[in-house]
Amino acid sequence: MNQSGGCQCGAVRFTTTGDPVRAMACHCTACKLRLGSPYGIGVYFQDSQVQFVQGDVQTYEFVSDTSGRWIRNEFCGACGSAVSWTLEMRPGMRAIAGGSFDDPDWFTLDAHLWTHSARTDMCYPDGMAVYEKAIT
Ligand SMILES: [Zn+2]
Ligand SMILES: [Zn+2]
């Protein structure tokens, strides 16, 4: 099923095709900082499942101080909204920022990661897979 979404100002728009490979909430410090949010939701697709249909994303690459591997943030140059990212550790895949879909509920979260750096008042749904650090 196709889904669509984009940035806050509407300059960048994307569509996705089919179901994500996985969708995860990440509480690592890199996600907190790049999203300005207590945790980030990444909805991971194969590259071929994601099409940018309007606008261009700008990129910022940084290297994780824990893994030593790069992450390339993709964001709208006009409004600054995080839209997507790619990771050295997941070649051929692109993550869409979970909050940027027009329908915020169409995907299901598979897990919460890096919860050892989560806010202490975080609560997790019953039955949710919760990992203190990364999963492969
Ligand atoms: Zn924008
Ligand atoms: Zn993270």
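None of the values given here were measured: they were computed from a predicted structure.

A.B. asks: How should I be thinking about the coordination of the zinc ion (ligand 2) in this particular structure?
C.D. replies: Six octahedral donors around a metal ideally sit at 90 or 180 degrees from one another, while four tetrahedral donors ideally sit at 109.5 degrees. The protein atoms donating to the zinc ion (ligand 2) are C26 (SG), C28 (SG) and C31 (SG), with metal-donor distances spanning 2.1 to 2.2 Å. Donor residues for the zinc ion (ligand 2) sit on one chain with the sequence pattern C-x1-C-x2-C. In terms of burial, C28 and C31 fall into one category: buried.

A.B. asks: What exactly am I supposed to notice about the sheet that holds strand β11 (residues 129–130) here?
C.D. replies: Whether parallel or antiparallel, the strands of a sheet pair through hydrogen bonds between backbone atoms. Strand order in the open sheet made by the 8 strands is β6-β7-β8-β9-β4-β3-β10-β11, with mixed pairing throughout. Edge positions in the sheet fall to β6 (57–63) and β11, since each of these pairs with one other strand and no more.

A.B. asks: What exactly am I supposed to notice about the packing of aromatic side chains here?
C.D. replies: Two measures describe an aromatic ring pair: the distance that separates the ring centres and the angle between the ring planes. Inspection of every chain in the model, using the stated rule, returns 8 aromatic pairs. Consider the rings of Y60 and F62, whose centres lie 6.3 Å apart with planes at 20°: the pair is stacked. Between F101 and F107, the ring centres sit 5.8 Å apart and the planes meet at 55°, which makes this aromatic pair tilted. Of the two residues, F101 and F107, both sit in the buried class. Ring-pair connections join several aromatic residues into one group, and the members of that group are F14, F45, F101, W106 and F107. The positively charged end of R72 is found above the aromatic ring belonging to W70, 3.7 Å away from the centroid.

Criteria and thresholds
- Counting of residues starts from 1 at the beginning of each chain's written sequence and follows it residue by residue.
- Naming scheme: in the order in which they are written, chains are lettered from A and ligands are numbered from 1.
- Reporting in this predicted model follows two pLDDT cut-offs: at least 70 for local features of residues, and 80 or more for side-chain atom pairs to be given and counted; totals over whole chains, interfaces and linings ignore these cut-offs and use all residues.
- With hydrogens and water stripped out, all remaining heavy atoms of the structure feed into the side-chain values.
- Each metal site lists N, O and S donors within 2.8 Å (3.2 Å for Na, K and Ca). With water left out of the atoms, a site can look as if it is missing ligands.
- Residue exposure (1.4 Å probe, protein chains only): buried if accessible area is under 20% of the type maximum, exposed if over 50%, otherwise partly exposed.
- Two strands are said to pair when DSSP picks up at least two bridges between them.
- By definition, any uninterrupted DSSP run of H or I lasting at least four residues is a helix, any uninterrupted run of E lasting at least two residues is a strand, and each is numbered from the N terminus.
- Stacked, edge-to-face and tilted are the three classes for Phe, Tyr and Trp ring pairs, Trp counted by its six-membered ring, which pair at centre distances within 6.5 Å; planes under 30 degrees apart are stacked, over 60 edge-to-face, the rest tilted.
- Placement of a charge over a ring requires the Lys NZ or Arg CZ to be within 6 Å of the ring centre, with the centre-to-atom vector within 35 degrees of the ring normal.

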